[in-house]
Amino acid sequence: MSALKGYGLCSMDSALQFPCPRPFEGFKRRSSKWVSPKAAVVPNFHLPMRSLEVKNRTNTDDIKALRVITAIKTPYLPDGRFDLEAYDDLVNIQIQNGAQGVIVGGTTGEGQLMSWDEHIMLIGHTVNCFGSSIKVIGNTGSNSTREAIHASEQGFAVGMHAALHINPYYGKTSIDGLIAHFQSVLHMGPTIIYNVPGRTGQDIPTHAIFKLSQSPNLAGVKECVGNKRVEEYTENGVVVWSGNDDECHDSRWDYGATGVISVTSNLVPGLMRRLMFEGKDSVLNAKLLPLMDWLFHEPNPIGVNTALAQLGVARPVFRLPYVPLPLAKRIEFVKIVKEIGREHFVGERDVQALDDDDFMLISRY
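Residues numbered from 1 in each chain as written. Predicted model: local features only at pLDDT ≥ 70, side-chain atom pairs only at ≥ 80, totals over all residues. Heavy atoms only, no water.

Section: the overall build of the chain
Within the chain, the secondary structure is distributed over 13 helices and 12 strands. Classification of the 365 residues of the chain by burial places 49% in the buried group. The contacts in the chain between residues at least 6 apart in sequence include a share of 68% that link residues at least 24 apart. Summed over all atoms, the accessible surface of the chain reaches about 18,500 Å², with 51% contributed by carbon and sulfur. (Helix = DSSP H or I, 4+ residues; strand = E, 2+ residues; numbered from the N terminus. Buried < 20%, exposed > 50% of the residue type's maximum accessible area, 1.4 Å probe, protein only. Contact = heavy atoms within 4.5 Å. Areas by Shrake-Rupley, 256 points an atom, 1.4 Å probe, with all protein chains shown as cover.)

Regarding the pairing of strand E4 (residues 101-104)
Alternating positions in E4 separate into two faces, Gly-101 and Ile-103 on one and Val-102 and Val-104 on the other, with burial throughout. In terms of strand pairing, strand E3 (residues 68-71) meets E4 through three bridges, oriented parallel. Looking across to E4, one finds that Ile-69 is bridged to Gly-101. Handedness of the β-α-β unit built from E3, helix H2 (residues 84-96) and E4 comes out right-handed. In the sheet, E4 pairs with strand E5 (residues 135-139) via four bridges, with the strands oriented parallel. Within E5, the position partnered with Ile-103 by the bridge is Ile-137. Each parallel crossover has a hand, and for E4 linked through helix H3 (residues 116-130) to E5 it is right-handed. (Pairing = 2+ DSSP bridges. Right-handed = clockwise from strand over helix to strand, strands pointing away.)

Structural notes on the environment of Gly-198
If you trace the backbone, Gly-198 turns up in helix H6 (residues 197-200). A sequence separation of 26 residues divides Gly-198 from Cys-224, and the C-alpha atoms of the two residues are 8.6 Å apart.

Structural notes on the environment of Glu-343
The residue Glu-343 is located in the loop between helix H13 (327-340) and strand E12 (360-362) in this model. Residues Glu-343 and Val-268, 75 residues apart in the sequence, show an inter-C-alpha distance of 9.3 Å.

Regarding the pattern of salt bridges
The full count for this structure, using the stated rule, is nine salt bridges. Here Arg-330 ties to Asp-356 by a salt bridge, and the two come within 2.7 Å at their closest N and O atoms. With Arg-330 in helix H13 and Asp-356 in the loop between H13 and E12, this residue pair connects regions lying 26 residues apart in the sequence. Looking at Asp-356, the relative accessible area reads 53%, which means it is exposed. Residues joined by salt bridges that share partners form a network here, namely Asp-203, Glu-223 and Arg-229. (Salt bridge = Lys/Arg side-chain N within 4 Å of Asp/Glu carboxyl O.)

Remarks on the sheet that holds strand E7 (residues 191-195)
Here eight strands make up a closed barrel; going around it, the order is E3-E4-E5-E6-E7-E8-E9-E10 and the pairing parallel. Looking at each pair of strands side by side, their axes are set apart by 25° on average, direction ignored. (Axes fitted to C-alpha atoms, helices over the stretch in contact; angles between N-to-C directions.)

Considering the pairing of strand E10 (residues 259-262)
Bridge count between E3 and E10: three bridges; the pairing is parallel. Looking across to E10, one finds that Val-68 is bridged to Val-260. Inspection of the sheet shows strand E9 (residues 240-242) paired to E10 by two bridges, in the parallel sense. Its bridge partner lying in E10, Ser-242 is registered against Val-260. In this fold, the crossover linking E9 to E10 by way of helix H9 (residues 248-254) has right-handed handedness.

Some remarks on the packing of aromatic side chains
For the structure on display, the rule yields five aromatic pairs. Geometrically, the ring pair formed by Tyr-76 and Phe-82 is tilted, given 6.3 Å between the ring centres and 35° between the ring planes. No difference in accessibility class separates Tyr-76 from Phe-82, as the two residues are buried. In this structure an aromatic cluster arises from ring pairing among Trp-294, Phe-333 and Phe-345. Taking the ring centre of Tyr-194 as reference, the NZ or CZ of Lys-222 above it sits at 4.1 Å. The ring of Phe-277 has Arg-273 lying over it, and the distance from NZ or CZ to the ring centre is 4.0 Å. (Phe/Tyr/Trp six-rings, centres within 6.5 Å; stacked < 30°, edge-to-face > 60°. Lys NZ or Arg CZ within 6 Å of the ring centre and 35° of its normal.)

Here's the deal with the nonpolar core
Ranked by size, the top nonpolar core spans 60 residues in total, and within it Leu-267, Leu-288, Leu-291, Leu-311, Phe-333 and Phe-345 carry the most contacts. Taken together, the elements giving at least two residues each to this core come down to H2, E4, H3, helix H10 (269-277), helix H11 (282-295), helix H12 (302-310), strand E11 (317-319) and H13. Beyond its immediate chain neighbours, meaning those up to four positions away, Leu-288 contacts Val-268, Leu-271, Met-272, Leu-275 and Ile-340. (Core = buried A, V, L, I, M, F, W, Y, C linked by side-chain atoms within 4.5 Å.)

Some thoughts on helix H8 (residues 227-234)
Among all positions of H8, only Asn-227, Arg-229, Val-230 and Tyr-233 are buried. Relative to the axis of H8, the buried residues are bounded by an arc of 155° and lie together on one face. (Arc of directions from axis to C-beta.)

Re H12
Of all nine residues in H12, nine are buried; the element is thus mostly enclosed. If you check which residues of H12 are buried, you get Ile-302, Gly-303, Val-304, Asn-305, Thr-306, Ala-307, Leu-308, Ala-309 and Gln-310. Each element contacted by the buried residues of H12 is listed here: H2, H11, E11 and H13. Following H12 by one or two positions, Gly-312 has its phi on the positive side, about 75°.

Here you go:
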């Protein structure tokens, strides 16, 4: 019975007895301060998927030099799966017309509607097919740091040249938390930070970027706030890409931006290259502004999805919650194409307005 010292005998019947602690007695001997059990603390639980092979890794300076990066559209089959044949054709057109990089699974590519399996597969597919001809930048950002780390590990493991990272949206954090979030992924490889307060609800302040720029892996910022912010960065040695197509000409030639991460280049990649490479061209910029305004009449990627369907480059299949622009806007697009010149647009078919019944809306995929 010495082993049962401090215990009473509990029993449901007289034939079965077992030791039972006396009420509250154990708590009298404990410290009032709770200490986490060591067994529950597992440091570095998510082990990095690193390779010692470095010969094929991209130098951050190679990303900093890119002037035209297309936020590539993801086309779909009627059952909602990726239409890789149409996707490959679209990427090939970008390469042939001088785009230097593609953002895979960004807002335009509808990464927000993809499973991570789909997302990483598409990054890997793009690297495998086109990685020797164009820089592949995977959108592996998330509002969850854990997801951003895991997706970036996988993206770099399948060969992407750089990552695109957004600040945590919806469940916003403090500025210190925001910096810690980016620092958790910056060490993995070349990284572009994407500042778009209209979608995240939080502006990334310049002092946060200046602190993050101490990392050699920060390639630069995709900036959507405006050209004054662009100038503030370029004057302090931070590479910037305009995130606003309608401002990119002035960003490039008046405010020091390196180039543009563009939606419009899905449609007219050759003209966007001219805009970024061949000096100030106010006439060309003015010619493209009606197209840019049309593309962003509704939130991106609604406009570019509609346009590529009208051009016959992608099937008229939409993953909900995106739906095509109404008929009046589609007719307007036909006129814009004719004014700019059909030869400047991707695809070979005549542009069509299409009927409402031509579009498929997929809710399960």
